[in-house]
Amino acid sequence: MVNLEAKEELLQITKLISFSIRFITFDWGLISKIAGKLFSLLYILITVFLTVNNIQISVEHENIFEVCLGICTTIGLGIHFTKVLTMCYYEDEIVQLFKWIEDFYLNNSEPILAKLRAESLYNTLWILKLFFKFYISSILLVINYAIIYYYIYDIQVINVPWMPKPFNVYFQIIIYCSFTLIYGIPIICFGCMGIIFIGILKFFNESIALLGEKATRDELLLILHKLHCEVYEKFCIYENILSFSIFFDFFFNTTSIIGLMLMIRLYPTLNILYIFIATLVSQLLIYCIFGQFIFTETEKIPESLYMTKWYDLNREDRRALLLMMMMSSRPFGLKTAGMYDINIVLFVKIMKLCFSYCAILYAFL
């Protein structure tokens, strides 16, 4: 059985994510849900307007660095907008998925799988803790470093019309501090969901190995068949939530990386540009690693089923096993816009594309 400490840690994570979703959609009970969601999206759009306004001023003053940085910032805001829009549109589905995750790990109705379930939760929680400690912390540090860097070197990215420069400087600090949460919450939500799904798929593959034990074979086969259908259904919901968000995320991240590569060629001494590009590349890499792990785990399912002692099963159980093998014969994974598989191969192609376009654009300068 899952121990009490692991249960509490899982519930703390799901409660944190539930609170984060309500926070980013302004679901505090003061205004309607729709108004709260519109306000969060409008907040980002206003920031885009202020950034574009500053780009126009920088063009007039022929400040190429701030123009390029403003364009990259606008693209980055586009990434935030698509993520927040996804969370607002699919809020109910995301909440239901996390409730299903709670039920999946805290359900004690299947004693056959209790030990494996406890081990799976322990390993998943360990990876989630690493994700929170290192990746999320590093993202927040980068944003705060950018705020301090902009303030020290008097870099202006947003501009409120008809307001003095001191006001714009401090207003920019407030805006970027707020984006620490706006940027971090979707990453926490989608990242945790991806890690948990990988853990569940790994648990399913390990459970198949128990079919070799004759004493529990008949009962376990029915449990695994139901679990396979359930996991596939929930993963389809997860993939549907992320499909177009990841597509725009990849598009905006790729264009930002090209722009930052070009800026590094023009301003090689600015260390903050290297930090920005490392952050964006790491985001693409995280998505591709998630996609690769999910594809790898689903690819193992038909092989694991075949390696069981299927020849000792009766005719009805063989049919159930064959049905599971047919369902898992085509491995599923994350896709962008439902078309392109997200894996390490895609990451390599994107990086090659970025270097190629950067070289072409730099040749025209």
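Residues numbered from 1 in each chain as written. Predicted model: local features only at pLDDT ≥ 70, side-chain atom pairs only at ≥ 80, totals over all residues. Heavy atoms only, no water.

The chain carries the name Odorant receptor in an unreviewed UniProt entry, which gives Lutzomyia longipalpis as its organism. Recorded in UniProt under Sequence similarities (unreviewed entry), the annotation for the chain is "Belongs to the insect chemoreceptor superfamily. Heteromeric odorant receptor channel (TC 1.A.69) family." Annotation of the chain in UniProt includes, under Subcellular location (unreviewed entry), the sentence "Cell membrane". (UniProt positions renumbered as here; feature names shortened; annotations may be inferred.)

Peer 1: Hey, could you run me through the packing of helix H5 (residues 114-152) against helix H6 (residues 165-208) in this one?
Peer 2: Pairs of packed helices are described in terms of their axes, by the angle between the two and the distance that separates them. Between H5 and H6, whose axes approach to 9 Å, the crossing angle comes to 160°. Judged on the interaxial angle alone, H6 and H5 are roughly antiparallel. As H5 runs across H6, the sense of the crossing is right-handed. Grouping the constituent residues of the contact of H5 with H6 by class yields 26 nonpolar, 8 polar and 2 charged. (Axes fitted to C-alpha atoms, helices over the stretch in contact; angles between N-to-C directions. Helix = DSSP H or I, 4+ residues; strand = E, 2+ residues; numbered from the N terminus. Parallel < 35°, antiparallel > 145°, perpendicular 65-115°, else oblique. Left-handed = near helix turned anticlockwise from the far one by under 90°. Nonpolar A, V, L, I, M, F, W, Y, C, P; charged D, E, K, R; others polar.)

Peer 1: Teacher, can you tell me more about the UniProt feature "transmembrane region" (unreviewed entry) in the chain here?
Peer 2: Here the UniProt feature "transmembrane region" (unreviewed entry) sits at residues 38-57, 63-81, 130-153, 173-201, 241-266, 272-295 and 344-364. Helix makes up 100% of residues 38-57 and strand makes up 0%, while its end C-alpha atoms are separated by 29 Å. Annotated as 100% helix and 0% strand, the span residues 272-295 places its first and last C-alpha atoms 35 Å apart.

Peer 1: I would appreciate a short explanation of empty space enclosed by the protein in the present structure.
Peer 2: This structure, assessed with the given rule, holds 3 cavities of 30 Å³ or more. Counted as a void, the largest cavity has a volume near 500 Å³. What lines the largest cavity is a set of 24 residues, among which Thr-73, Gly-76, His-80, Tyr-176 and Phe-276 lie closest to the centre. Every element with two or more residues in the lining of the largest cavity is listed here: helix H2 (33-60), helix H3 (64-89), H5, H6, helix H7 (217-266) and helix H8 (271-306). For the lining of the largest cavity, the leading source of residues is H3, giving 7 residues. The residue makeup of the lining of the largest cavity, split by class, is 16 nonpolar, 8 polar and no charged. The volume enclosed by the second largest cavity comes to roughly 150 Å³. Elements that contribute at least two residues to the lining of the second largest cavity include exactly H5, H6, H7 and H8. (1 Å grid on protein atoms, 1.4 Å probe; cavity = no way out; pocket = protein on both sides within 12 Å on 5 of 7 lines; lining within 4 Å. Points joined across faces, edges and corners; volume = space filled by probe spheres on them.)

Peer 1: Hey, could you run me through the pattern of salt bridges in this one?
Peer 2: Side-chain pairing between opposite charges can occur once the charged atoms of the two side chains come close. Tallied over the full model, the rule gives 6 salt bridges. The salt bridge partner of Glu-9 is Lys-129, with a shortest N-O separation of 3.2 Å. Here Glu-9, found in helix H1 (residues 4-24), pairs with Lys-129, found in helix H5; they are 120 residues apart in sequence, far enough to count as distant. Of the charged contacts, one joins Lys-335 and Asp-341 as a salt bridge, the two residues approaching to 2.5 Å between their closest N and O atoms. (Salt bridge = Lys/Arg side-chain N within 4 Å of Asp/Glu carboxyl O.)

Peer 1: Sorry, what's going on with the state of the cysteines here?
Peer 2: Two cysteines whose sulfur atoms are joined by a covalent bond form what is called a disulfide. A complete count under the given rule lists 0 disulfides for this structure. Cysteine Cys-189 remains unbridged, with the sulfur of Cys-192 as its closest cysteine sulfur at 7.8 Å. No disulfide involves Cys-354; its sulfur sits 8.8 Å from that of Cys-358, the nearest cysteine. (Disulfide = S-S within 2.5 Å.)

Peer 1: Can you walk me through the packing of aromatic side chains in this structure?
Peer 2: Working definition: an aromatic ring pair is given by the centre-to-centre distance plus the angle between the planes. As enumerated under the stated definition, the model contains 22 aromatic pairs in all. A ring pair is formed by Tyr-150 and Tyr-176, whose centres lie 6.0 Å apart and whose planes are at 80°; its orientation type is edge-to-face. Taken together, the positions of Tyr-150 in helix H5 and Tyr-176 in helix H6 put the pair 26 residues apart, joining distant regions of the chain. Like Tyr-150, the residue Tyr-176 is buried in the burial classification. By the ring-pair criterion, three or more aromatic residues cluster together here, those being Trp-100, Phe-104, Tyr-105, Phe-197, Phe-203, Phe-235 and Tyr-238. In this structure, Arg-117 packs its charged tip against the face of Phe-104, placed 4.9 Å from the ring centre. The ring of Tyr-362 has Arg-265 lying over it, and the distance from NZ or CZ to the ring centre is 4.0 Å. (Phe/Tyr/Trp six-rings, centres within 6.5 Å; stacked < 30°, edge-to-face > 60°. Buried < 20%, exposed > 50% of the residue type's maximum accessible area, 1.4 Å probe, protein only. Lys NZ or Arg CZ within 6 Å of the ring centre and 35° of its normal.)

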